[in-house]
Amino acid sequence: MTGIAQNTTEVPAHPAFSLKPLMFETFVCWMAMMAFVALAGPIARVIGLQPWQVGTAMTTAGVAWMVMARIWGVASDRRGRRKVLLFGLGGFAISYFLLSLFIDVALRTAMPPLLAFAGLVIGRGIAGAFYAAVPVTGAALVADHVPTESRAGAMAGLGAAGGAGMVIGPALAGLMAPYGLSVPLYFTAILPVVALAVLWRVLPRQERHAPPKTRPLRWSDQRLRLPMMMAFAAVFSISAAQIVVGFFALDRLHLDPVDAARTAGIALAAVGLAMITAQLMLRRLGWPPARLIRVGSLISAIGFGAATLAGNAPLLWAAYAIGAFGMGWITPSVSALAANAVEPHEQGAAAGTISAAQGLGVILGPIIGTSLYTLDNRLPYALIGVMLLATLLRRD
């Protein structure tokens, strides 16, 4: 048993393992999720919801994600990545479709805003609980099969796939919005089902499990302190910026709901393009994760801070692109730091711990971002810039 655990970090456990199916799953799921985010502001205005209510619905997904991430991660250590990943992705596919159906009904009927709010909260919470299994087991699979020195590049590959989803999802939502705000939701609801079919066929069926009596990694494990802090800061910043962009286009740029949806979609598409560029560059640079995190934090702080000055759509798009470029270096480096810091039988728990920290960012980002937005529509971007600059003062 000891020999098997030691070999896990040296060579791939299964020579036939391919990153491409995980990249495809990451691509289509991000495409679906970002289409929803691009439409959140305009949908809220049509059905009579306030910004804080949309922020609360997003926060509920973060709570579910944070609570379930370590549970899924530990389960994948003990029961296998395949079983947990397929179960989580299947649950997400079903819940995303049901949420899309509910939103369509809300848009077409005179549904009371309170009922619409409750439906969004419940739907996002269930979807978040299931989707928490997907990135956790994906990161653990990479750690299982990719050597230590190549993990940052592999994580960047997944990040680039997610960035491509960010490009196409919001852009598609913007193009489809004139035909109805629910049309993009129905279309993107198909994508997780396609990903589930692909993974069902190609994921390895033979896996190594942690010894039955092994204790899960503790929350307070010092090896994960830096990755947890940066994971939280990055996702807090991203989620806050994403949730306010549609409202910013409505209020700061004075656009109507359809044009605001299109503008928000292009901004989020710019995020995806910038992250792809950054992550492809990361794979060529060969810098250590800690350096990538520092430089990425500085770039991202400059970009999102500049959004406070945006008075038209092109400036908003440029600010989001610069901010996302820095995030493209931070996010895969955080995952690589965590994976490289722990033992083979701890990979699922470590990925779950990092995902839980990200979930906390998802919780606080939307609700703090939308709350600050009600005071001044530039405050969320100012807070993001200050937070990212503050991370540069840390001691490794």
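Everything quoted here is computed from the prediction, not taken from an experiment.

A. Expanded view of the overall build of the protein chain. Secondary structure summary: the protein chain contains 15 helices and 0 strands in total. A globule of 396 residues ought to have a C-alpha radius of gyration of about 21 Å, and the protein chain, at 20 Å, matches this closely. Principal axes of the C-alpha set define a box for the protein chain whose edges measure 65 × 40 × 35 Å. By the burial criterion, 59% of the 396 residues in the protein chain qualify as buried.

B. Examining the pattern of salt bridges more closely. Following the criterion strictly, the structure yields 6 salt bridges and no others. Residues D259 and R262 are paired through a salt bridge, measuring 2.8 Å at the closest nitrogen-oxygen approach. Pair noted here: D259 and R262 are both in helix 11 (residues 257-285), with a separation of 3 residues, about one helical turn. Assessed through its relative accessible area of 30%, D259 is described here as partly exposed. Salt bridges sharing partners connect three or more residues here, namely D77, R81 and D144.

C. Spatial organisation of the environment of P380. Turning to its location among the elements, P380 is positioned in helix 15 (residues 379-391). The class for P380 is buried, based on a relative accessible area of 2%. The spatial distance from the C-alpha of P380 to the C-alpha of V244 is 7.9 Å, given a sequence separation of 136 residues. Excluding anything up to four places from it in sequence, P380 contacts V244, G369, L372 and Y373.

D. Inspection of the environment of G348 at higher detail. Inspection of the secondary structure assignment puts G348 in helix 14 (residues 347-375). It is 8.4 Å that separates the C-alpha atoms of G348 and R81, two residues lying 267 residues apart in sequence.

E. Just helix 6 (residues 133-145), in detail. Counted at 1.5 Å a residue, the expected span for helix 6 with its 13 residues is 18 Å, and the 18 Å between its end C-alpha atoms agrees. For helix 6, the buried fraction is high: 12 of the 13 residues fall into the buried class. Looking only at helix 6, the buried set comprises A133, V134, V136, T137, G138, A139, A140, L141, V142, A143, D144 and H145.

F. Highlighting the nonpolar core. L22, Y320 and Y381 are the most contacted members of the largest nonpolar core, which has 125 residues in total. The dominant element in this core, judged by the number of residues it contributes, is helix 2 (residues 20-47), at 17 residues. Beyond its immediate sequence surroundings of up to four residues, Y320 is in contact with A241, Q242, V244, V245, A267, L268, V271, F304 and Y381.

G. The arrangement of a nonpolar patch on the surface in detail. On the surface, a cluster of nonpolar side chains totalling about 440 Å² of accessible area is made up of I94, F97, L98, L101 and V105. L98 sits in the partly exposed class, given a relative accessible area of 49%.

H. Region of the structure containing the packing of aromatic side chains. With the rule as written, the count across this model stands at 13 aromatic pairs. With centroids separated by 6.0 Å and ring planes inclined at 55°, the aromatic side chains of F87 and F130 adopt a geometry described as tilted. Pair noted here: F87 is in helix 4 (residues 81-108) and F130 is in helix 5 (residues 113-131), with a separation of 43 residues, a long-range link. You can call F87 exposed: its relative accessible area is 52%. On the basis of relative accessibility, which here comes to 24%, the residue F130 falls in the partly exposed class. Here W287 and W329 contribute two aromatic rings whose centre-to-centre distance is 5.6 Å and whose plane-to-plane angle is 70°, an arrangement assigned as edge-to-face. Here the residue W287 occupies a position in the loop between helix 11 and helix 12 (289-306), and W329 occupies one in helix 13 (residues 313-341), the gap between them amounting to 42 residues. The structure contains a cluster of three or more aromatic residues connected by ring pairs, namely F248, F304, Y320 and Y381. Its end group placed over the ring of W200, R82 keeps NZ or CZ at 5.6 Å from the ring centre. Just above the ring of W287 sits the side chain of R291; from NZ or CZ to the centre is 3.9 Å.

I. Quick look at unusual backbone geometry. Despite not being glycine, H254 has its phi angle at roughly 60°, a positive value. In this fold, H254 is placed in the loop between helix 10 (225-251) and helix 11. The exposure class assigned to H254 is exposed, which follows from its relative accessible area of 66%.

J. Spatial organisation of the packing of helix 10 against helix 14. Across the interface, helix 10 lies against helix 14 with an axial gap of 7 Å and an inter-helix angle of 35°. Crossing handedness for the pair helix 10 and helix 14: right-handed. Tallied by class, the residues present in the contact of helix 10 with helix 14 amount to 19 nonpolar, 7 polar and 1 charged.

Rules used throughout
- Residues numbered from 1 in each chain as written.
- Predicted model: local features only at pLDDT ≥ 70, side-chain atom pairs only at ≥ 80, totals over all residues.
- Heavy atoms only, no water.
- Helix = DSSP H or I, 4+ residues; strand = E, 2+ residues; numbered from the N terminus.
- Rg over C-alpha atoms; globule rule 2.2 N^0.38 Å.
- Buried < 20%, exposed > 50% of the residue type's maximum accessible area, 1.4 Å probe, protein only.
- Salt bridge = Lys/Arg side-chain N within 4 Å of Asp/Glu carboxyl O.
- Contact = heavy atoms within 4.5 Å.
- Expected span 1.5 Å × (residues − 1).
- Core = buried A, V, L, I, M, F, W, Y, C linked by side-chain atoms within 4.5 Å.
- Patch = residues over 30% accessible without salt bridge, like charges linked within 9 Å, V, L, I, M, F, W, Y side chains within 5 Å.
- Areas by Shrake-Rupley, 256 points an atom, 1.4 Å probe, with all protein chains shown as cover.
- Phe/Tyr/Trp six-rings, centres within 6.5 Å; stacked < 30°, edge-to-face > 60°.
- Lys NZ or Arg CZ within 6 Å of the ring centre and 35° of its normal.
- Axes fitted to C-alpha atoms, helices over the stretch in contact; angles between N-to-C directions.
- Left-handed = near helix turned anticlockwise from the far one by under 90°.
- Nonpolar A, V, L, I, M, F, W, Y, C, P; charged D, E, K, R; others polar.

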